[in-house]
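# A look at the structure
Given next are the chains, with one letter for each unit.
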Amino acid sequence: MIYLVISFVALFLLTVPIAVSIGLSSLTMIVQMGMPAALVGQRLFASLDSFPLLAIPFFILAGAIMEQGGISTRMINFANTCVGDTKGGLAIVTIIASMFFAAVSGSGAATAAAIGSIMIPAMVKKSYDVRFASATTATAAQIGVIIPPSIPMVLYCVGTNNSISKLFIAGVVPGIFIGLSLILYAVYVSKKEGYAGDRRYSLREKLEAFRSAVWALLMPVIILGGIYCGIFTPTEAAAVASAYAVVVGLFIYRDINFKDLLSIFYKASITIAVVMIILSTAGLFAYVLTMNRIPQLVADFFLSLGGNKYVFLLLINILLFFCGMFFDGGPVMIILAPILAPVAVSLGVDPIHFGIIMVCNSALGQITPPFGVNLFVVSQVAKIKMENMISNLIPYILIVVADVMAITYIPVISMALPKFLGM
């Protein structure tokens, strides 16, 4: 086992890409164990041989189409007519628009790119500090993996054999809860700094903005409604989301054409390839850990603490926080979920509630330096260095940490809606 740890840490410190680091360290362990090299290829394929995982490329494609197909723009315009005239209105619009976009994209990075490219310049134009605007956008975008649909939720359910539909519905209230806490802080800072809102919009303008955005707003209704009415599975819902985004972008909003569509498919395919390579190597890594009885050793360690689930949950949150600082949420989810979820269940934690805890920590990891993916995206959009937004980002991180702890120790936040719907 020491070979696995040493090789992985060494490759990581040499800034080798995460997928290569995971794959090579796993290969090192397989060779050291005397297993046939052909096993590597078999496990890489087996890691991706799962029907629910098909949801991931389709949600990535849907997010890419929405980003360029006019859907995100119309969501922002509608939110702006509703709350944009209040103090700090554009910051509120950024958070609300991110919540809307989260309900159709499943990706924090996609939300950061789509919303940030529009809202950061708009806020700067209204004399917002670009560092505050960037920190607000990056933090709001992490809601993209909490409000369903969510790629980390799919990964958790695939790794632990739980219901994707149930986890999706459990993520609604926590996502809104975190969004409201971010809005309160944004309003506080805006009042303190004197950040003005946009102009007041008439009822006619609000209705016009709603009419223009209605096709975009219908998207989460179709996706989630179709899942919970039993019309299609979450995996099929991802394909429906992609098809719906194409139809709306091409024939209703007409903000893209077939030539644009080819470019979108090309860019999305690169992202999909990167994600799937990471998932395949993470699956190989998880197999090696299982062969070395690491899940059982972890379970024995936590049970040796006296079987206190509250201490266990605190330690898990600390572990996931530090993992989020250095690793992408996908590999962390696919490696740790099968190890930690059985321990949580044995201590009396509902597996769906534990899934929300892991997903919320995955979201938090997107805004924690030094490797928070949303920070990289926003720094490119705002054209500032990532370190310049840290002072404005820290209060947001502390707020989200407090939210995660509340979600961890108050299960009703996650479980009330599934129980209300009889799930």
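Look up: the structure comes first, before these words.
These lines cover the structure that appears in this document, whether it is placed above or below. (Residues numbered from 1 in each chain as written. Predicted model: local features only at pLDDT ≥ 70, side-chain atom pairs only at ≥ 80, totals over all residues. Heavy atoms only, no water.)

Moving on: the overall build of the chain. Scanning the chain from N- to C-terminus turns up 21 helices and 0 strands. For the chain, whose C-alpha radius of gyration is 21 Å, the value lies close to the compact-globule estimate of 22 Å for 423 residues. Seen through its principal axes, the chain has C-alpha atoms that stretch 70 × 50 × 45 Å. Looking at the 423 residues of the chain, the share that counts as buried comes to 55%. (Helix = DSSP H or I, 4+ residues; strand = E, 2+ residues; numbered from the N terminus. Rg over C-alpha atoms; globule rule 2.2 N^0.38 Å. Buried < 20%, exposed > 50% of the residue type's maximum accessible area, 1.4 Å probe, protein only.)

We now examine the nonpolar core. In terms of nonpolar packing, the biggest core is built from 136 residues, with Ile 71, Tyr 156, Met 219, Phe 312 and Phe 354 touching the most fellow members. Look past the residues within four positions of Met 219 in its chain and what remains in contact with it is Met 66, Ile 71, Val 104, Ala 241, Tyr 244 and Ala 245. (Core = buried A, V, L, I, M, F, W, Y, C linked by side-chain atoms within 4.5 Å. Contact = heavy atoms within 4.5 Å.)

Bringing the pattern of salt bridges into the picture now. A side chain with one charge may pair with a side chain of the opposite charge, provided their charged atoms come close. Using the criterion set out here, one finds 3 salt bridges in the structure. The partner of Arg 131 in a salt bridge is Asp 129, and the shortest N-O contact between them spans 2.7 Å. Overall, the relative accessible area of 22% leaves Asp 129 in the partly exposed class. Among the ionic pairs, Glu 208 bridges to Arg 211, the shortest N-O distance being 2.7 Å. You can see Glu 208 and its partner Arg 211 sitting in helix 12 (residues 203-228), 3 residues apart, about one turn around the helix. On the accessibility criterion, Arg 211 (51% relative accessible area) is exposed. (Salt bridge = Lys/Arg side-chain N within 4 Å of Asp/Glu carboxyl O.)

Here we take up the environment of Thr 368. One can find Thr 368 in the loop between helix 18 (351-365) and helix 19 (373-382). Taking relative accessible area as the criterion, Thr 368 reaches 2% and is therefore assigned buried. A sequence separation of 26 residues divides Thr 368 from Ile 394, and the C-alpha atoms of the two residues are 8.8 Å apart. Sequence-distant contacts of Thr 368, defined by excluding residues within four places in its chain, comprise Phe 321, Gly 324, Met 325, Leu 375 and Ile 397. Separated by 3.4 Å, the side chain of Thr 368 and the backbone oxygen of Gly 324 make a polar contact. Within the structure, the side chain of Thr 368 is placed 3.2 Å from the backbone oxygen of Gly 365, a separation counted as a polar contact. (Polar contact = N/O pair within 3.5 Å; in protein donor to acceptor, adjacent residues only side chain to side chain.)

Residue placement: Ser 181 occurs in helix 11 (residues 172-193). Given a relative accessible area of 16%, Ser 181 falls into the buried group. Of note is the side chain of Ser 181, whose polar atom sits 2.6 Å from the side chain of Asp 403. Once you skip the residues sitting within four places of it in the chain, Ser 181 turns out to touch Ile 399 and Asp 403.

On to the packing of aromatic side chains, then. This model, assessed by the stated rule, comprises 11 aromatic pairs. With centroids separated by 5.0 Å and ring planes inclined at 80°, the aromatic side chains of Tyr 185 and Tyr 396 adopt a geometry described as edge-to-face. With Tyr 185 in helix 11 and Tyr 396 in helix 20 (residues 390-409), the pair connects residues that are 211 residues apart, well separated along the chain. Look at Tyr 396 and you get buried, because its relative accessible area is 1%. (Phe/Tyr/Trp six-rings, centres within 6.5 Å; stacked < 30°, edge-to-face > 60°.)

Tracing the backbone shows Ile 335 in helix 17 (residues 329-346). The exposure class of Ile 335 is buried, given its relative accessible area of 12%. For the pair Ile 335 and Leu 155, spaced 180 residues apart in sequence, the C-alpha separation works out to 9.8 Å. The contact partners of Ile 335, leaving out residues within four places of it in the chain, are Ala 282, Phe 285 and Leu 289.

Bringing the packing of helix 14 (residues 258-291) against helix 17 into the picture now. Interhelical geometry of helix 14 versus helix 17 gives an angle of 30° and a closest axis separation of 9 Å. By the criterion of interaxial angle, the relationship of helix 14 to helix 17 is roughly parallel. In this structure, the crossing between helix 14 and helix 17 has a hand that is right-handed. Across the interface between the two elements, Ile 278, Leu 279, Ala 282, Phe 285, Ala 286 and Leu 289 of helix 14 pack against Gly 330, Pro 331, Ile 334, Ile 335 and Ile 339 of helix 17. Here the residues of the contact of helix 14 with helix 17 are counted per class, giving 10 nonpolar, 1 polar and no charged. (Axes fitted to C-alpha atoms, helices over the stretch in contact; angles between N-to-C directions. Parallel < 35°, antiparallel > 145°, perpendicular 65-115°, else oblique. Left-handed = near helix turned anticlockwise from the far one by under 90°. Nonpolar A, V, L, I, M, F, W, Y, C, P; charged D, E, K, R; others polar.)

Attention shifts here to unusual backbone geometry. Positioned with a positive phi, Asn 161 is a non-glycine residue whose angle comes to about 60°. Its location among the elements puts Asn 161 in the loop between helix 9 (151-160) and helix 10 (164-170). Overall, the relative accessible area of 73% leaves Asn 161 in the exposed class. Backbone geometry at Arg 254 places phi at a positive 55°, although glycine is not the residue there. With respect to the secondary-structure elements, Arg 254 resides in the loop between helix 13 (234-252) and helix 14. The exposure class assigned to Arg 254 is exposed, which follows from its relative accessible area of 65%.

Attention now goes to the side chain of Asn 374. Inspection of the secondary structure puts Asn 374 in helix 19. The exposure class assigned to Asn 374 is buried, which follows from its relative accessible area of 0%.

Moving on, we get to the environment of Val 124. Note that Val 124 resides in helix 7 (residues 108-125). Remark: the alpha-carbon pair of Val 124 and Ala 110, spanning 14 residues in sequence, is separated by 21 Å.

Side chains of Tyr 310, Val 311, Leu 314, Leu 315, Ile 318, Phe 322, Tyr 409, Ile 410 and Val 412 sit close together on the surface and give an oily, nonpolar patch of about 780 Å² of accessible area. When residues of the nonpolar patch are assigned to their parent elements, the largest contribution, 6 residues, is made by helix 16 (residues 309-326). Residue position: Val 311 is located in helix 16. Taking relative accessible area as the criterion, Val 311 reaches 37% and is therefore assigned partly exposed. (Patch = residues over 30% accessible without salt bridge, like charges linked within 9 Å, V, L, I, M, F, W, Y side chains within 5 Å. Areas by Shrake-Rupley, 256 points an atom, 1.4 Å probe, with all protein chains shown as cover.)

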